[in-house]
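Listed below, chain by chain, are the residues.
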Amino acid sequence: MTKPRKLWRFHGGLHLPEHKQETCHQPSVKARIPTRLILPLQQHIGQPAEPVVKVGDQVLKGQVVAQPSGYVSVPIHASTSGVVTAIGEFPVPHPSGLPAPCIVIEPDGKDEWTERHPVADYRQLAPAEVRNLIRAGGIVGMGGAGFPTFIKLDPGPDKTVETLILNGAECEPYITADDRLMREQPHEVIGGLMILRHALQARECLIGVEDNKPEAYAALLEALRAHPDGDGIQVVQIPTLYPTGGEKQLIKVLTGKEVPSRGLPSDVGVVCQNVATAAAIYRCITAGEPLISRLVTVTGQGVAQPRNMEALIGTPVRELIEQCGGYAGEVEKLIMGGPMMGITLPNDTVPITKTTNCVLVPARGELPAPQPATPCIRCGECMRVCPTNLLPQQIYWHARAKDFDKAQDYNLFDCIECGCCAYVCQSHIPLVQYFRFAKTEIRAQEHERKKAELARKRHESRVERLEREKAERAERLRQKKEAAAATTAGGAPDPKKAAIEAAMERVRAKRAAAQAAAGGETSNPAQQEPAAAETAQAKETG
Amino acid sequence: MLFRLSGSPHLNVPDGMPLVMRRVIYALLPAIAVYVWFFSWGVVINILVASVAALASEALLLQARGKPVRPALADGSALVTAVLLGMALPPLSPWWLTTVGTVFAIVVAKQLYGGLGYNPFNPAMVGYVVLLISFPREMTAWLPPRDLTGFDITFMQTVSAIFTGSLGDGLTVDAVTSASPLDTLRIGIGMAKTVDEVVLSPTFGSFGGKGWEWVDMALLLGGLWMIYKRVITWHIPAGVLGGLVLIALIFHGIDPNRYASPLFHLFSGAAMLGAFFIATDPVSACTTPRGRLIFGAGIGILTYIIRTWGGYPDGVAFSVLLMNLAAPTIDYYTQPRVFGHGRS
């Protein structure tokens, strides 16, 4: 097409055994409607959605069953028609392995749609309208993080978007869902990109595809050529290197720009979306279909027929595995996501969510547990592969010693938990676990500190209020005395005047009391305040 | 059906520390062979004595500290310390000298600091320096290469020398040993000879100490292989050799009569062993890339200073220990720029 685009590289990275051949050549298969759907209320970053249905309610496919709560939240839709049979805690894919609130639907098999509102020409919509439709469609980043997409499409009034990037890198081993999507539905990916471009008014659009997916690259090029508005869009082959699919890494590779630490891509004029998200947006806008299904790679030697499945959101993992020929041999682990960043599942009733790109079923010995850890010898291999250019060996040292301030000095919070360091560690130290632990501890400490700060403020305002009340009482007493002195000095008191005086006094007292109540902390019962103040002080000193 | 839970990543390289340590020893093998060719079997026996002492003292101390013995012995780190110390000692060192040095290295410099990964100083060099200070006579009794002595010291003679102090037939160790090339240069310069006059002596070969130049060449090859195999990175060796060459070049340029050439400094004494095998001990060295360069350069420059103006003919051991001392500070100030942080 044009001359090859200049590419940049990030520090470190790994060439991993790919294991994509198992699934990348087979067409994806539409999964059956499962016997029950489990829809977690939190499938995105932010506040969980709130149920708007009751147990026993009949729902239609695409109907909203939970609405967003707060700004950083999106609705959840019924993936098929059926009856709500339960709303409660069920196992979900979460690192903690703990259950979380879900809506359970028993499908009626009719797969009957609710009313859909397709948009004939998205170009007639204002960007804000596009964002609203995307939010109403429950669309979140489908590459793994699950950040609500509409927020990313609103970079703020003072920021312009130079570059829109579609992430088709799919750098983790085993996963081929995006690969299959780009091969099978390139027009939807490109169509989604067009809508995104319109919503962002982006100047330049890039689709980054790792060079181990030549068919996907070709399919996108072909689709782009066929599209009338293909100008200004470039499909770019990028070197296969884990973790190029990381948002910040991909932006660096394609544009040379570095997203600032703790910043957002929009800070450097870039917005990055996953290819699957783009396809979902296309369906959302042009067909009026919310995000209720996605491509999932079911792979690993522990499953008989590895392949990609188009599964309804909420399908239990077990039912997908059954449709792939069931378990093969001895399976001791189930992983949702890839082998580098995926999370293990406690059991196979856990549902597919909007962010599930892969169910990895390793056979025994396929992904062996690391050997027992030995002491760190600071060989520096971890540093050599770190895509963020951190010093994992130093952070580990401080995290282990629970010296969290030092760990932060070494930029612990820039760690993206890609797992490169732990992968190469010759001492087999679970570095990522140490870093997660340190991050959690620091966040908990921060939370405690804020709580203590609040308690201190309450205590101070209480002391202030008590003193003010005391002063006011003294003032009233003084006034009374003066009045008494005046009446004795002025001879016999006039009973009428005295009555007026007394009434005015009462009004003053009432007003003072009202003021005092408004100034102090009213929501807190007075008895609890000394206790709160004490804990605050104890925390400050301790 | 219940499954096992674990944190990501779920993939890792099976290679472990034993492989790394084995590779260090493989990289030393050519040099050991050349060493034996020129200086007979002493080095091999030194290494064996040191290995036995290292493994025994490591096992004893681990036992005393209530730590698992087997995996720690299997990691090969004690063995590497023993092999390096065995290489560094004069070839006919008495067995007790080797033993004392090794035991001190393992017990004091390594295990008393908390074992592998916690020693601030390079154990082999601590052992070496303790011996150098305590037993200066034994530590400077070097063998000249075989084509200088005019006779071969047999394996049995070597064994006898190391364990009894005599080569047999009334031949004492003192009778066959002499000063090392660096010591010869030092004494010569001290007697107001020029470098060119000194290197005319038969102790010197084509570009370094006779025999030593080829041992060093083999060490260089082994070191480059280690870089190729990613056992070590290039930074520390480049720093050491670069620092040494740079300062040698400056002074050689100022007065070639008083100051030997960079080439001579590279191929006499412990420069190669130090650059590739000693200074690269990751535990006690710097860990950041820039830090490693500085750390290495410091060793190279200090080595030259000690060789030229200090009280000892060679200075690699002292330089390594001095730079070990500075390593944490250097690391702190040489942190690489983290992704997304301002360019400095």
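Reading the values: the criteria
Residues numbered from 1 in each chain as written. Chains lettered and ligands numbered in written order. Predicted model: local features only at pLDDT ≥ 70, side-chain atom pairs only at ≥ 80, totals over all residues. Helix = DSSP H or I, 4+ residues; strand = E, 2+ residues; numbered from the N terminus. Buried ≥ 20, exposed ≤ 12 C-beta atoms within 10 Å, placed from the backbone. Contact = placed C-beta atoms within 7 Å. Rg over C-alpha atoms; globule rule 2.2 N^0.38 Å. Pairing = 2+ DSSP bridges. pLDDT = per-residue confidence, 0-100. Expected span 1.5 Å × (residues − 1). Axes fitted to C-alpha atoms, helices over the stretch in contact; angles between N-to-C directions. Left-handed = near helix turned anticlockwise from the far one by under 90°. Core = buried A, V, L, I, M, F, W, Y, C linked by C-beta atoms within 7 Å. Nonpolar A, V, L, I, M, F, W, Y, C, P; charged D, E, K, R; others polar. Parallel < 35°, antiparallel > 145°, perpendicular 65-115°, else oblique.

S.K.: Requested: an account of the overall build of chain A, with residues and values cited.
M.R.: Looking only at helices and strands, chain A has 16 helices and 17 strands in total. Dimensions of chain A along its principal axes, counting C-alpha atoms only, are 110 × 65 × 50 Å. Split into buried and exposed, the 542 residues of chain A put 48% on the buried side. Restricting the contact set of chain A to residue pairs at least 6 apart, pairs at least 24 apart contribute 73%.

S.K.: Got a sec to walk through the overall build of chain B? Specific residues and values, please.
M.R.: A tally of regular secondary structure across chain B gives 18 helices and 0 strands. Here the C-alpha atoms of chain B give a radius of gyration of 21 Å, agreeing with the 20 Å that 2.2 N^0.38 yields for 344 residues. Judged by the C-alpha coordinates and their principal axes, chain B covers about 80 × 50 × 30 Å. Across the 344 residues of chain B, 54% fall into the buried class. For chain B, restricting intrachain contacts to residue pairs at least 6 apart in sequence, the fraction spanning at least 24 positions comes to 73%.

S.K.: So, the sheet that holds strand 3 (residues 50–51) of chain A: which residues are in play, and what are the values?
M.R.: All names here are of chain A. Strand order in this open sheet of 3 strands is 3-5-6, and the pairing throughout is antiparallel. This sheet does not close on itself; its edge strands, each paired only once, are strand 3 and strand 6 (76–77). Relative to strand 6, strand 5 (residues 64–67) runs antiparallel, the two sharing 2 bridges. Its bridge partner lying in strand 6, Ala66 is registered against Ile76.

S.K.: Explain the confidence of the model for chain B to me, and be specific about the residues and the numbers.
M.R.: Residue and element names in this part refer to chain B. When pLDDT is averaged along chain B, the result is 90; 99% of the residues meet or exceed 70. Mean pLDDT across the elements of chain B bottoms out in helix 8 (residues 146–149) (73) and peaks in helix 5 (residues 95–110) (96). Taken over the whole predicted complex, pTM reads 0.84, whereas the ipTM for its chain interfaces reads 0.87.

S.K.: I'd like to hear about helix 18 (residues 316–333) of chain B, residue by residue, with values.
M.R.: Structurally, the α-helix is built with 3.6 residues per turn, so residues lying three or four positions apart point the same way. Residues and elements named next belong to chain B. Helix length check: helix 18 (18 residues) gives 24 Å between terminal C-alpha atoms against 26 Å at 1.5 Å per residue, within 8%. What helix 18 keeps buried is the set Val316, Ala317, Phe318, Ser319, Val320, Leu321, Met323, Asn324, Ala327, Ile330 and Asp331. Buried residues belonging to helix 18 abut helix 6 (123–134), helix 16 (271–278) and helix 17 (289–309).

S.K.: So, the packing of helix 2 (residues 42–64) of chain B against helix 5 of chain B: which residues are in play, and what are the values?
M.R.: Residues and elements named next belong to chain B. Following both chains from N to C, one finds helix 2 and helix 5 inclined at 35 degrees, their axes separated by 8 Å at the closest point. Here the hand of the crossing between helix 2 and helix 5 comes out right-handed. Where helix 2 approaches helix 5, its residues Asn46, Val49, Ala50, Ala53, Ala54, Ser57, Glu58 and Leu61 are matched on the opposing element by Trp95, Thr98, Thr99, Thr102, Val103, Ile106 and Val107.

S.K.: Requested: an account of the sheet that holds strand 13 (residues 293–299) of chain A, with residues and values cited.
M.R.: Residue and element names in this part refer to chain A. Strand order in this open sheet of 6 strands is 1-14-13-17-15-16, and the pairing throughout is mixed. At either end of the open sheet lies a strand with only one pairing partner, and these are strand 1 (29–30) and strand 16 (343–344). In terms of strand pairing, strand 13 meets strand 17 (residues 358–360) through 3 bridges, oriented parallel. Residue pairing in the sheet places Val298 in a bridge with Val359 of strand 17.

S.K.: Give a detailed account of the nonpolar core, specifying residues and quantitative values.
M.R.: One finds Val189(A), Leu220(A), Ile281(A), Val296(A), Leu320(A), Leu431(A) and Met125(B) to be the most contacted residues of the largest nonpolar core, which totals 251 residues. Take this core: its biggest share by element is 12 residues, from helix 1 (residues 17–39) of chain B. Beyond its immediate stretch of four places on either side in the chain, Ile281(A) contacts Ile134(A), Ile139(A), Gly192(A), Ile195(A) and Leu196(A).

S.K.: Tell me about the interface of chain A and chain B, and please be specific about residues and values.
M.R.: With 53 residues of chain A at the interface, the matching set in chain B holds 34 residues. Secondary-structure elements contributing two or more residues to the side of chain A that touches chain B are strand 16, helix 13 (420–424) and helix 14 (431–489) of chain A. The element best represented in the side of chain A that touches chain B is helix 13 of chain A, accounting for 3 residues. For the side of chain A that touches chain B, the residue count by class is 27 nonpolar, 19 polar and 7 charged.

S.K.: Describe the pairing of strand 8 (residues 99–107) of chain A, naming the residues involved and giving the relevant values.
M.R.: Residue and element names in this part refer to chain A. Pairing of strand 2 (residues 37–40) with strand 8 involves 4 bridges; the strand directions are antiparallel. Pairing of Leu37 across the sheet is with Ile105, part of strand 8. Looking at chain direction, strand 7 (residues 82–91) and strand 8 are connected through 9 bridges and run antiparallel. Opposite Pro91, over in strand 8, you have Pro99 as the bridge partner.

S.K.: Help me get a handle on the pairing of strand 12 (residues 270–274) of chain A, residues and values and all.
M.R.: Successive residues of a regular strand alternate their side chains across the two faces of the sheet. All names here are of chain A. Within strand 12, 5 of the 5 residues are buried, leaving the element largely enclosed by the surrounding structure. Bridge count between strand 9 (residues 163–168) and strand 12: 5 bridges; the pairing is parallel. By the bridge assignment, Thr163 is partnered in strand 12 with Val270.

S.K.: If you had to explain the packing of helix 17 of chain B against helix 18 of chain B to someone new, which residues and values would you point to?
M.R.: Residue and element names in this part refer to chain B. Between helix 17 and helix 18, whose axes approach to 9 Å, the crossing angle comes to 150 degrees. Here helix 17 is positioned roughly antiparallel relative to helix 18, judged by the angle of their axes. Seen from above, helix 17 lies across helix 18 with right-handed handedness. Contact residues: Gly291, Ile294, Phe295, Gly298, Ile299, Leu302, Thr303 and Ile306 in helix 17; Val316, Phe318, Ser319, Val320, Leu322, Met323, Ala326, Ala327, Ile330 and Asp331 in helix 18.

S.K.: Tell me what's going on with the confidence of the model for chain A, and back it up with residues and numbers.
M.R.: If pLDDT is low for a region, its predicted coordinates should not be looked at in detail. Residues with a pLDDT of 70 or more make up 94% of chain A, whose mean pLDDT is 89. Counting interchain partners and residues more than four positions distant, the pLDDT-below-50 stretch residues 520–542 of chain A has 25 contacts.

S.K.: Mind laying out the environment of Asn12(B), listing which residues take part and the relevant values?
M.R.: Along the chain, Asn12(B) turns up in the segment before helix 1. When the 21 C-beta atoms within 10 Å are taken as the criterion, Asn12(B) is described as buried. C-alpha of Asn12(B) to C-alpha of Met156(B): the two residues are 144 residues apart in sequence and 48 Å apart in space. Ignoring anything within four residues of it in the chain, the contact list for Asn12(B) reads Pro370(A), Ala422(A), Tyr423(A) and His428(A).

S.K.: Any details on helix 17 of chain B? Residues and values, ideally.
M.R.: For helix 17 of chain B, which comprises 21 residues, the first-to-last C-alpha distance of 30 Å matches the rise-based estimate of 30 Å (1.5 Å per residue) to within 8%. Burial analysis of helix 17 of chain B places 15 of its 21 residues in the buried class, which makes it a mostly covered element.

S.K.: With reference to specific residues and values, describe the environment of Val268(A).
M.R.: All names here are of chain A. With respect to the helices and strands, the residue Val268 is situated in the loop between helix 7 (247–255) and strand 12. Considered as a pair, Val268 and Phe90 are 178 residues apart in the sequence and their alpha carbons are 40 Å apart. Once residues within four sequence positions are removed from consideration, Val268 is found in contact with Lys257 and Val259.

S.K.: Tell me about unusual backbone geometry, and name the residues and values.
M.R.: Looking along the chain, the bond that leaves Tyr242(A) and enters Pro243(A) is cis, with omega of -5 degrees. In this fold, Pro243(A) is placed in the loop between strand 11 (233–238) and helix 7. Of the consecutive residues Ser8(B) and Pro9(B), the connecting peptide bond is found in the cis state with omega at -5 degrees. Structurally, Pro9(B) is set in the segment before helix 1. If you check the backbone angles, His19(A) has positive phi at about 55 degrees while not being a glycine.

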